[in-house]
Amino acid sequence: MAPPMKESDLEVLVSVFARTDTGLKRPGNEDAFIVADLTSGNIGLSPDVSTHHIGERGSLMVVADGMGGAAAGEVASEMAVKTVREVLISSPPAPGICQQLTRAVEIANERIWNYAEQNQKLSGMGATLTAVLVQSKYAYIAQVGDSRAYLARGNQIKQLTKDQSWAQALIDAGAIQPDQASTVAQNVIMQALGTSPTIQVAMTMVELFKNDLLILCSDGLSNKLSAGEIRDIAQKEQNLASACAGLIGLANERGGDDNITVIVARFDGEELHSAADSNSITGSFKVLDHGCFGGDLSTLSDRFKALALNPDEQGAASTTLVLSRMQREASGPPARVTLDASRPTSIQNAEPSNQETVASVGQVNYLIWALALFVGLLLLAAAAYFVSVYILKATH
């Protein structure tokens, strides 16, 4: 009989592959990703990283979606993924995994913000980020923005992150029902790295089982494929590289409107339990910090009713607006249309192709004010017309 396995003999093995694609509509790729074995210090998709044991420092996987147009988005997303890795690998191993990961993301935000402040040509740049740090049999997920992390187990799949989007916030606030989400602007997110001096990082964790599949992606994928389709393609392909290619290929077949990035990781090892039908993902999942959804969202319901945006115009917009300061009410219509009170950039100068920018609540008030003025002018013109017609009839 074999001797009983010691705790030190237990291990978790991860196989991982990643791929990014420009898509069919964008002139460049503003997405970035990183895969790293923090224990060995190896990064990239080398044989040492694509299949490795989870060591003391853990394994890191990050997807970032840049915004800002031209080179700015690429700069922000690269800074985001590299900073998170640098901070984690330079920090001493400690039990506070969530605090370490949260702090790494906060430092990434500070660096991007400060860099943009010092380089005005990069003003307005930012990035969404979803970072996963796997330690032992647990995956810790940090999120800012609307890139996503999914976990597939058997015939189950669960979105481990909540989109920090205007539509999701309205659902949480009770302003709209989930089936009405498509009627709301899809290009508005609540926060992003680098668009404000501070951020609120959402944090979740999930216990891993044998053969679990972890999928990270930018919204270029999740906007084109359902969760079920992502699960089916990822599980159908035994080769993770083929799984990434299949996911990106289908997103491109459906338009390829945005950059597409995906990381797929499969887990095995003696430390992991075998998943039975009763092992639901929800049962092994926990929200640790709600991030920007942790406060009172009830005011969003009234704010949404005041907007009354045109769904057709929203869908046609090519920019991503970031309500980086949701809690601060604007004091009135601004002197000119700006994308962020702390970083004034004229909306007329935005690049129409893929410029992604930052909007404050003041812009919303400006639009309402401008609409009211336009309606008033129309009414005044109509009144003048009828008065002139009446005078002409009276004189004849």
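Owing to the predicted nature of the structure, the values given are computational and were not obtained by experimental measurement.

Definitions and cut-offs
Here the residue numbering is sequential within each chain, running from 1 through the sequence in written order. Selection of residues for local features in this predicted model requires a pLDDT of at least 70, selection of side-chain atom pairs for listing and counting requires 80 or more, and totals for whole chains, interfaces and linings are taken over all residues. Heavy atoms throughout the structure, all of them, feed into the side-chain values; hydrogens and water do not. Comment: elements are numbered from the N terminus, with helices defined as DSSP H or I runs of at least four residues and strands as E runs of at least two. Exposure is judged per residue with a 1.4 Å probe applied to protein chains only, and the accessible area is read against the type maximum: over 50% gives exposed, under 20% gives buried, and values in between give partly exposed. Any two residues whose heavy atoms approach within 4.5 Å are treated as being in contact. Only the protein chains shown count as covering a residue, and every accessible area follows the Shrake-Rupley method with a 1.4 Å probe. Paired strands are those between which DSSP finds at least two bridges. Each axis is a line fitted through C-alpha atoms, and for a helix only the stretch in contact is used; angles between axes span 0 to 180 degrees, taken between their N-to-C directions. Crossing handedness follows the turn of the near helix against the far one: under a right angle anticlockwise gives a left-handed crossing, and clockwise gives a right-handed one. When residue character is reported, Ala, Val, Leu, Ile, Met, Phe, Trp, Tyr, Cys and Pro are called nonpolar, Asp, Glu, Lys and Arg charged, and the others, Gly included, polar. Our arc is simply the arc of the directions from the helix axis toward the C-beta atoms. For this document, the term salt bridge refers to a Lys or Arg side-chain nitrogen within 4 Å of an Asp or Glu carboxyl oxygen. Pairs of N or O atoms are called polar contacts if they sit within 3.5 Å, as long as, within protein, a hydrogen donor faces a hydrogen acceptor (for residues adjacent in sequence, only side-chain-to-side-chain pairs). You can read pLDDT as the predictor saying how much it trusts each residue, on a scale of 0 to 100. Among the buried residues, those of types Ala, Val, Leu, Ile, Met, Phe, Trp, Tyr and Cys that are joined through side-chain atoms within 4.5 Å form a nonpolar core. A pair of Phe, Tyr and Trp rings is counted when the ring centres sit within 6.5 Å of each other, with Trp represented by its six-membered ring. The angle between the planes then sorts it: under 30 degrees is stacked, over 60 is edge-to-face, the rest tilted. Comment: the charge-over-ring label is applied if NZ (Lys) or CZ (Arg) is within 6 Å of the ring centre and within 35 degrees of the ring normal. His residues and chain termini do not enter the charge count, which takes Lys and Arg as positive and Asp and Glu as negative.

Here's the deal with the overall build of the protein chain
Of regular secondary structure, the protein chain possesses 10 helices and 15 strands. Expressed as a percentage of its 396 residues, the buried residues of the protein chain come to 49%. The contacts in the protein chain between residues at least 6 apart in sequence include a share of 77% that link residues at least 24 apart. By element, 54% of the accessible surface of the protein chain is carried by carbon and sulfur atoms, the whole surface being about 18,500 Å².

Side note on the sheet that holds strand 6 (residues 126-135)
Strand order in the open sheet formed by 7 strands is 3-2-5-6-7-11-14, and the pairing between neighbours is antiparallel. In this open sheet, the two strands that pair with only one neighbour each are strand 3 (42-43) and strand 14 (285-289). By the bridge criterion, 7 bridges tie strand 2 (residues 31-37) to strand 5 (residues 59-67) in an arrangement that is antiparallel. Along strand 5, the bridge assignment pairs Val 35 with Met 61. Against the sheet, helix 3 (residues 97-118) contacts strand 6, strand 7 (138-144), strand 11 (202-207) and strand 14, and its axis sits at roughly 30 degrees relative to strand 7.

Overview of the packing of helix 6 (residues 227-236) against helix 7 (residues 240-253)
Helix-helix packing is characterised by the crossing angle of the two axes and by the distance between the axes. Interhelical geometry of helix 6 versus helix 7 gives an angle of 145 degrees and a closest axis separation of 8 Å. Crossing angle aside, the handedness with which helix 6 passes helix 7 is right-handed. Across the interface between the two elements, Ile 230, Ile 233 and Ala 234 from helix 6 touch Ala 243, Gly 246, Leu 247 and Leu 250 from helix 7. Considered class by class, the residues forming the contact of helix 6 with helix 7 number 6 nonpolar, 1 polar and no charged.

With respect to helix 4 (residues 166-173)
Working note: α-helix, 3.6 residues per turn, so residues spaced by three or four point in the same direction. Among the residues of helix 4, Trp 166, Ala 167, Ala 169 and Leu 170 are the ones counted as buried. Projected down its long axis, helix 4 carries its buried residues within an arc of 165 degrees, all on one side. Backbone geometry just after helix 4 places Gly 174 at a positive phi near 85 degrees.

Quick notes on the pattern of salt bridges
One side chain can pair with another of opposite charge once the charged atoms of both are near each other. Evaluated as defined, the whole model comprises 13 salt bridges. Of the charged contacts, one joins Lys 137 and Glu 207 as a salt bridge, the two residues approaching to 3.7 Å between their closest N and O atoms. With a gap of 70 residues between them, Lys 137 in the loop between strand 6 and strand 7 and Glu 207 in strand 11 connect regions that are remote in the sequence. Side by side, Lys 137 and Glu 207 carry an identical accessibility label, which is buried.

Some thoughts on the sheet that holds strand 12 (residues 213-217)
With antiparallel pairing, 6 strands are arranged side by side in an open sheet as 4-1-13-12-8-9. The open sheet terminates on both sides in strands that have one partner only, identified here as strand 4 (51-53) and strand 9 (156-159). Across the sheet, the mean angle separating the axes of adjacent strands is 20 degrees when strand polarity is ignored. The pairing of strand 8 (residues 148-153) with strand 12 spans 5 bridges and is classified as antiparallel. Bridge pairing links Ala 152 to Leu 213 in strand 12.

Brief notes about the side chain of Ser 218
Examined against the element boundaries, Ser 218 turns out to sit in the loop between strand 12 and helix 5 (219-222). On the basis of relative accessibility, which here comes to 0%, the residue Ser 218 falls in the buried class. There is a polar contact of 2.9 Å between the side chain of Ser 218 and the side chain of Asp 31.

Considering the confidence of the model for the protein chain
Confidence in the prediction of the protein chain, expressed as mean pLDDT, is 80, and 71% of residues score 70 or more. The low-confidence segment residues 308-318 (pLDDT under 50) makes 12 contacts with residues lying over four places distant or belonging to another chain. Across residues 325-368, confidence stays below pLDDT 50; counting only partners more than four residues off in sequence or on other chains, it has 95 contacts.

Details of the pairing of strand 9
Across 4 bridges, strand 8 lies against strand 9 in antiparallel orientation. Residue Tyr 150 lies in a different strand from strand 9, and its bridge partner there is Gln 159. Between strand 8 and strand 9, which follow one another and run antiparallel, lie 2 residues, and Gly 154 among them has a positive phi close to 60 degrees.

Side note on the nonpolar core
Most often, soluble globular proteins have nonpolar side chains that are buried together. Judged by nonpolar contacts, the single largest core of 38 residues is most densely connected at Val 84, Leu 101, Val 105 and Leu 193. In terms of residue count, the dominant contributor to this core is helix 3 (9 residues). Not counting chain neighbours up to four residues away, the residues in contact with Val 84 comprise Leu 60, Val 62, Leu 101, Ala 104, Val 105, Ala 108 and Leu 129. Grouped together as the second largest cluster of nonpolar side chains are 26 residues, Ala 139, Leu 151, Leu 216 and Ile 263 included.

Some remarks on the packing of aromatic side chains
Two descriptors summarise a pair of aromatic rings, namely the distance from one centre to the other and the angle between the planes of the rings. Under the counting rule described, the total for this entry stands at 0 aromatic pairs. The residue whose ring lies beneath Lys 162 is Phe 293, and the NZ or CZ to ring-centre distance is 5.3 Å.

Observations concerning the side chain of Glu 30
As for its position among the elements, Glu 30 is in the loop between strand 1 (13-21) and strand 2. This buried residue, Glu 30, is left without a salt bridge; Arg 26 holds the nearest opposite charge, at 4.3 Å.

Looking at helix 6
Ile 230, Arg 231, Ile 233 and Ala 234 are the residues of helix 6 that are buried. Those residues of helix 6 hidden inside the fold are in contact with strand 8, strand 9, strand 12, helix 5, helix 7 and strand 13 (260-268).

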